[in-house]
Amino acid sequence: MNESTHNTVTNDEHRRLVSYEAPVSVPRISTQLIVSAGEPENEAMRRLLLEPPADPSQMGGLRFVILATDGVEELELTVPYKFIAERGGTVHLVSPRFEMPPAKFGVQYPQMRATHIMTVRWMENAGWFPIDRFLNEVKVSDYDVLIIPGGTWNPDALRSTPAAIEFVKEFYESGKVTASICHGPWVFVSAGILQGKRATANWPIHDDLRNAGAIAIDEPVVVDGNLITSRHPIDLPPFMEAIAVAVKKATGAAQHSFTS
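The rules behind the values
Every chain is numbered on its own, with residues counted from 1 as its sequence reads. Given that this is a predicted model, residues contribute local features only at a pLDDT of at least 70 and side-chain atom pairs are listed and counted only at 80 or more, while totals for whole chains, interfaces and linings are drawn from all residues. Neither water nor hydrogens contribute to the side-chain values; these are computed over all heavy atoms in the structure. Along the chain, pLDDT gives the predictor's confidence residue by residue, from 0 to 100. Contact between two residues is taken to exist if any of their heavy atoms lie within 4.5 Å; hydrogens are not considered. We call a set of buried Ala, Val, Leu, Ile, Met, Phe, Trp, Tyr and Cys residues a nonpolar core when their side-chain atoms join them within 4.5 Å. Remark: exposure states derive from per-residue accessible area (1.4 Å probe, protein chains only) relative to the maximum for the residue type, with buried under 20%, exposed over 50%, and partly exposed in between. Counting from the N terminus, the helices are DSSP H or I runs at least four residues long and the strands are E runs at least two residues long. At least two DSSP bridges between two strands are needed for those strands to be called paired. Any Phe, Tyr or Trp ring, taking Trp's six-membered ring, that has another such ring centre within 6.5 Å forms a pair; planes under 30 degrees apart are called stacked, those over 60 apart edge-to-face, and the others tilted. Cation placement over rings: the criterion is NZ of Lys or CZ of Arg within 6 Å of the ring centroid and within 35° of the ring normal.

**Some words on the confidence of the model for the protein chain**
Summing up the model confidence of the protein chain, the mean pLDDT is 91 and the portion of residues at 70 or higher is 90%. Segment residues 1-6 is flagged for pLDDT under 50; beyond a separation of four residues in sequence, or across chains, it makes 3 contacts in the model. Note that residues 253-258 has pLDDT below 50 and, in this model, 15 contacts with residues that lie over four places away or in other chains.

Next comes the structure, spelled out in structure tokens:
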């Protein structure tokens, strides 16, 4: 089966899958569509999400922290989390401890918010993901790599949390791999670590990067020293590959591709 036939079959399968769903009521990111739309980036996403790792021990001994809170873009959390775990790495979702807003604001949360954060698919509330550690329970020395996913709500909340900003700044200054995707680099802006650095992010916040002193570049992934940034869920394959390459350089691991 050639590639064009493969993509046609995949699109047909997608149409059948969505025929079982109610009409889309809000703008959302569809996992089925992002792996089947037929462009090279979609095929890369298909491989990343569906193909098992060639070596399930490739990331053994490495410790990853994904820093996130409510409103995190679901694929930008679940894809790195599963990618790392399926390759033998230790991965923790770390989040600031939840504090109920004052009653005067009229905001209510379900009880499970104490132990989970809510994910989104662009503008659609998606589901709940369990927190592994709270931010006040961890330190920079516990981990080798930091990843901050996007979603506009998530980094906006993190950047207003002093403990999160201090953690990110200390992590970056330690020289360890410090990575973020989509709107996540907003946290880097607030941490003051972008001055003179080459970086990318979701397109609407490139002005924020420039205002923070960064050289904003519209590329799927940008690496500048120990800083790694990407733009969108479609860039997850090169984003995870860049993290893998950076970790290999930092640890002296054997030179082979984690995403091949």
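What follows continues from the structure just given.
**Observations regarding the nonpolar core**
Counting 39 residues, the largest nonpolar core has Phe64, Ile147, Phe239 and Ile243 as its most contacted members. Every element with two or more residues in this core is listed here: helix 3 (40-50), strand 1 (63-67), helix 4 (74-85), strand 3 (90-95), strand 7 (145-148), strand 8 (177-181) and helix 9 (236-251). The leading source of residues in this core is helix 9, at 8 residues. When near neighbours in sequence (up to four residues on either side) are disregarded, Phe239 contacts Ile147, Ala179, Ser180, Ile181, Val221, Ile228, Thr229 and Ser230.

**Structural notes on the pairing of strand 11 (residues 221-224)**
Only one face of strand 11 is covered, namely the face carrying Val222 and Asp224; the face carrying Val221 and Val223 is uncovered. What sits between the antiparallel neighbours strand 11 and strand 12 (residues 227-230) is a turn of 2 residues, in which Gly225 has the positive phi angle 65 degrees.

**Focus on the packing of aromatic side chains**
Working definition: an aromatic ring pair is given by the centre-to-centre distance plus the angle between the planes. Tallied over the full model, the rule gives 3 aromatic pairs. Pairing Tyr81 with Phe129 gives two aromatic rings, centres 5.1 Å apart and planes at 70 degrees, and the pair type is edge-to-face. On the criterion of sequence distance, the pair formed by Tyr81 in helix 4 and Phe129 in strand 5 (residues 124-130) is long-range, its members being 48 residues apart. Like Phe129, Tyr81 is buried. Arg97 extends its terminal NZ or CZ atom over the ring of Phe134, reaching a point 4.0 Å from the ring centre. Against the face of Phe171 rests Lys176, its NZ or CZ located 5.5 Å from the ring centre.

**A closer look at the environment of Ile66**
By secondary structure assignment, the location of Ile66 is in strand 1. C-alpha of Ile66 to C-alpha of Ser180: the two residues are 114 residues apart in sequence and 9.5 Å apart in space. Contacts of Ile66, omitting those with residues within four sequence positions, involve Leu77, Pro80, Tyr81, Val91, His92, Leu93, Val94, Ile147 and Pro149.

**Description of the environment of Glu170**
As for its placement among the helices and strands, Glu170 is situated in helix 6 (residues 162-173). C-alpha of Glu170 to C-alpha of Val140: the two residues are 30 residues apart in sequence and 7.1 Å apart in space.

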